[in-house]
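# Report on the structure
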Amino acid sequence: MFIQTEATPNPATLKFIPGRVVLSSGTMEFASRDAAARSPLAERLFAVDGVTGVFYGADFITVTKTDGEWQHLKPAILGAIMEHYMSGAPLLADGSAANDESADEDDEFYDEADTETVGMIKDLIESRVRPAVANDGGDITFRGFKDGIVYLNMKGACSGCPSSTATLQHGIQNLLKHFVPEVVEVRPM
């Protein structure tokens, strides 16, 4: 098994590409060791000293660290990923193929009168923003829309990335304002 690694715009996060499907649809984020309990792979990754976040995309895993240098952490992370896939263990402890999308949708907020506007915003995020962000090892999901402000949740490599504010304000905000005149600002949640 050959696992590729790629740098992300976030120096605290590295993208690992195992050459196979990681999550068949959607994304999953594990922001703590407790949250990782539902995934044997995430548990293995959190067992590596310095790992503070794990994120699954369609064909990649991003790992976020607080301490240590990548040159020291990378072999242990590669070993954990390889060990998981060679063991044949399921990605999730319960054997399901779930993702975070339904929980994300349950937490959305917007006025029913803005349903059409929110639909346009979601379409733009889905078709133009998410694919680009996935290339960088992260994800951005819609959280809400109120008083012309779009609230987005940044995950994976995007969470805590030094360039995320610029991405939100100059990239995503300009895109949404161009196509959806009701949008006045974009903020992270």
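My aim in this report is to walk through the structure given alongside it, one point at a time. No experiment lies behind these values; they were computed from the predicted model shown. (Residues numbered from 1 in each chain as written. Predicted model: local features only at pLDDT ≥ 70, side-chain atom pairs only at ≥ 80, totals over all residues. Heavy atoms only, no water.)

## Describing the overall build of the chain
For the chain, the count of helices and strands is five helices and nine strands. Order of helices (α) and strands (β) in the chain, N terminus to C terminus: β-β-β-α-β-β-α-α-β-α-β-β-α-β. Its C-alpha atoms give the chain principal-axis dimensions of about 50 × 35 × 25 Å. The proportion of buried residues among the 189 residues of the chain is 46%. Nonlocal contacts in the chain, meaning residues at least 24 apart in sequence, comprise 62% of its contacts between residues at least 6 apart. The chain carries 15 positive and 28 negative side-chain charges, and their two centres are separated by 5 Å. (Helix = DSSP H or I, 4+ residues; strand = E, 2+ residues; numbered from the N terminus. Buried < 20%, exposed > 50% of the residue type's maximum accessible area, 1.4 Å probe, protein only. Contact = heavy atoms within 4.5 Å. Lys, Arg positive; Asp, Glu negative; His and termini not counted. Charge placed at Lys NZ, Arg CZ, Asp CG, Glu CD.)

## With respect to the environment of Met 82
Topologically, Met 82 is positioned in helix H2 (residues 70-87). What makes Met 82 partly exposed here is its relative accessible area of 32%. Taking the C-alpha atoms as reference points, Met 82 and Pro 18, 64 residues apart in sequence, are found 8.2 Å from one another. Leave out the neighbours within four places in its chain, and Met 82 touches Met 1 and Ile 3.

## Quick look at the side chain of Gln 173
Tracing the sequence through the fold places Gln 173 in helix H5 (residues 164-179). Judged by relative accessible area, Gln 173 falls into the buried class, the value being 13%. Setting aside anything within four residues of it in sequence, one finds Gln 173 in contact with Leu 168, Val 184, Glu 185 and Val 186.

By themselves these figures say nothing about function.
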